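Listed here are the chains, written in short residue letters.
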Amino acid sequence: MAYSARIGPSILSSDLSCLGSECVRMMECGADYLHLDVMDGHFVPNITFGHPMVECLRKCLGQEPFFDMHMMVSRPEQWVKPMAAAGANQYTFHLEATSNPAALIKDIKESGMKAGLAIKPGTTVEELAPWANQIDMALVMTVEPGFGGQKFMEDMMPKVMWLRNQFPSLDIEVDGGVGPDTIHCCAEAGANMIVSGSAVIGSDDPRSVIAHLRSVVAEAIQKRSLDR
Ligand SMILES: O=C(CO)[C@H](O)[C@H](O)COP(=O)(O)O
């Protein structure tokens, strides 16, 4: 069992005028990685930022933090090289946004990044399966992508369970509405990379929330390994 419990705050919920210091604060509070949401106003009805911002964050934060880019964009092919040059570590694109996932995965890896593949709530996990052995991470969206602070969709958990059963060592990430109230079902279903925006960033004590989320996931991983 190669995967571990990791918590990545989604900085979408932070004060975007202070993005650098908010990222530093999250890392100091024990985040394992940073989840950076790129939205183009086309694939999703919202706009955030692109590779110039990522380049600035990399300069501000140094080489250490792992940047998990969630590319909620149409034509994800066009940003692979700019994101790699800007200092991104993982490039997660949406299956719904491309007609050639295999070529894109190859391009991402050749650019020196890890490849993640995301699916929206309306996309079945069987559609992702053909590429599961080529990717580093599968992202199961637990809200419709586009905005932070939405309600967690528990009915996405069978997708996570199916992936965990079929691909026992794959990194599986959940994103959307995940926090202390919803972490148990994510952990039990088999997710090990947890994106949490408002529940972490909006908390008075983000350090405790991050530690709690990680301990619930680590316990589920431990239990799964004993049950095998
Ligand atoms: O991808 C996203 C939205 O498309 C965000 O990462 C996600 O919604 C996290 O925010 P919250 O935990 O507040 O739901």
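Residues numbered from 1 in each chain as written. Predicted model: local features only at pLDDT ≥ 70, side-chain atom pairs only at ≥ 80, totals over all residues. Heavy atoms only, no water.

**Here's the deal with the pattern of salt bridges**
Alright, step 1. Across all of its chains, the model carries seven salt bridges by this definition.
Alright, step 2. For Glu22, the salt bridge goes to Arg25, with nearest N and O atoms at 2.9 Å. Taken together, the positions of Glu22 and Arg25, both in helix H1 (residues 19-28) and three residues apart, correspond to about one turn of that helix.
Alright, step 3. Residue Glu22 is classed as buried on the basis of its relative accessible area, which comes to 12%.
Alright, step 4. A salt bridge links Glu55 to Lys59; its shortest N-O distance comes to 3.4 Å. Of this pair, Glu55 and Lys59 both sit in helix H2 (residues 51-61), separated by four residues, roughly a single helical turn.
Alright, step 5. Taking the relative accessible area as the measure of exposure, Glu55 reaches 36% and is therefore partly exposed. (Salt bridge = Lys/Arg side-chain N within 4 Å of Asp/Glu carboxyl O. Helix = DSSP H or I, 4+ residues; strand = E, 2+ residues; numbered from the N terminus. Buried < 20%, exposed > 50% of the residue type's maximum accessible area, 1.4 Å probe, protein only.)

**Overview of helix H4 (residues 101-110)**
Alright, step 1. For H4, the complete set of buried residues consists of Pro101, Leu104, Ile105 and Ile108. The arc that holds the buried residues of H4, viewed along the axis, is 100 degrees, so those residues lie on one side. H4 presents Lys106 and Glu110 as exposed residues on the side facing more than 90 degrees away from its buried surface.
Alright, step 2. Buried positions along H4 lie against helix H3 (80-86), strand E4 (90-94) and strand E5 (114-119).
Alright, step 3. Positive phi shows up at Gly112, right after H4, with a value of about 90 degrees. (Arc of directions from axis to C-beta. Contact = heavy atoms within 4.5 Å.)

**Focus on the sheet that holds strand E8 (residues 193-196)**
Alright, step 1. With respect to topology, eight strands assemble into an open sheet ordered E1-E8-E7-E6-E5-E4-E3-E2, the strand pairing being parallel. Every other strand in the sheet has two partners, leaving strand E1 (6-9) and strand E2 (34-39) as the edge strands with one partner each. The average undirected angle you get between the axes of adjacent strands in this sheet is 25 degrees.
Alright, step 2. Relative to strand E6 (residues 137-141), E5 runs parallel, the two being bridged by four bridges. (Pairing = 2+ DSSP bridges. Axes fitted to C-alpha atoms, helices over the stretch in contact; angles between N-to-C directions.)

**Looking at the packing of aromatic side chains**
Alright, step 1. Applying the stated criterion to the full structure yields one aromatic pair.
Alright, step 2. Aromatic pair Trp162 and Phe167: ring centres 6.4 Å apart, planes at 65 degrees, arrangement edge-to-face.
Alright, step 3. Among the residues examined, Trp162 registers a relative accessible area of 26% and is labelled partly exposed.
Alright, step 4. We note Arg58 situated over the ring of Phe67; from NZ or CZ to the ring centre the distance is 3.8 Å. (Phe/Tyr/Trp six-rings, centres within 6.5 Å; stacked < 30°, edge-to-face > 60°. Lys NZ or Arg CZ within 6 Å of the ring centre and 35° of its normal.)

**A word on the packing of H1 against H2**
Alright, step 1. One can describe the packing of H1 onto H2 by two numbers: an axis separation of 10 Å at closest approach and a directional angle of 55 degrees. The pairing of H1 with H2 is recorded here as oblique in orientation. Handedness of the H1/H2 crossing: right-handed. Where H1 approaches H2, its residues Leu19, Gly20, Cys23 and Val24 are matched on the opposing element by Met53, Leu57, Cys60 and Leu61.
Alright, step 2. Looking at side-chain class alone, the contact of H1 with H2 contains seven nonpolar, one polar and no charged residues. (Parallel < 35°, antiparallel > 145°, perpendicular 65-115°, else oblique. Left-handed = near helix turned anticlockwise from the far one by under 90°. Nonpolar A, V, L, I, M, F, W, Y, C, P; charged D, E, K, R; others polar.)

**Here's the deal with the nonpolar core**
Alright, step 1. Ranked by size, the top nonpolar core spans 65 residues in total, and within it Met69 and Leu128 carry the most contacts.
Alright, step 2. No other element matches helix H9 (residues 206-227), which puts seven residues into this core. (Core = buried A, V, L, I, M, F, W, Y, C linked by side-chain atoms within 4.5 Å.)

**Some details on the environment of Val160**
Alright, step 1. For Val160, the position within the fold is in helix H6 (residues 157-166).
Alright, step 2. Residue classification places Val160 among the buried residues on the basis of a relative accessible area of 0%.
Alright, step 3. Put simply, Val160 and Ser208 are 48 residues apart on the chain and 25 Å apart in space, counted from C-alpha to C-alpha.
Alright, step 4. When neighbours within four sequence positions are excluded, Val160 is seen to be in contact with Val140, Ile172, Val174, Ala189, Gly190 and Ala191.

**Observations regarding the site of the ligand**
Alright, step 1. The full set close to the ligand counts 20 residues, and Gly146, Asp175, Gly177, Gly197 and Ser198 are the nearest of them.
Alright, step 2. Within the backbone of Gly149, one N or O atom sits 2.8 Å away from an oxygen atom of the ligand.
Alright, step 3. Between the ligand and Gly177 there is a distance of 2.8 Å, counted from an oxygen atom to a backbone nitrogen or oxygen.
Alright, step 4. In the complex, 100% of the free accessible area of the ligand, which totals 360 Å², lies under the protein chains.
Alright, step 5. Mapped onto the shell around the ligand, the elements with two or more residues apiece are E2, strand E3 (67-72) and E8.
Alright, step 6. Here the element with the most residues in the shell around the ligand is E2; it accounts for three residues.
Alright, step 7. Classifying every residue of the shell around the ligand gives six nonpolar, twelve polar and two charged. (Near = heavy atom within 4 Å. Polar contact = N/O pair within 3.5 Å; in protein donor to acceptor, adjacent residues only side chain to side chain. Areas by Shrake-Rupley, 256 points an atom, 1.4 Å probe, with all protein chains shown as cover.)

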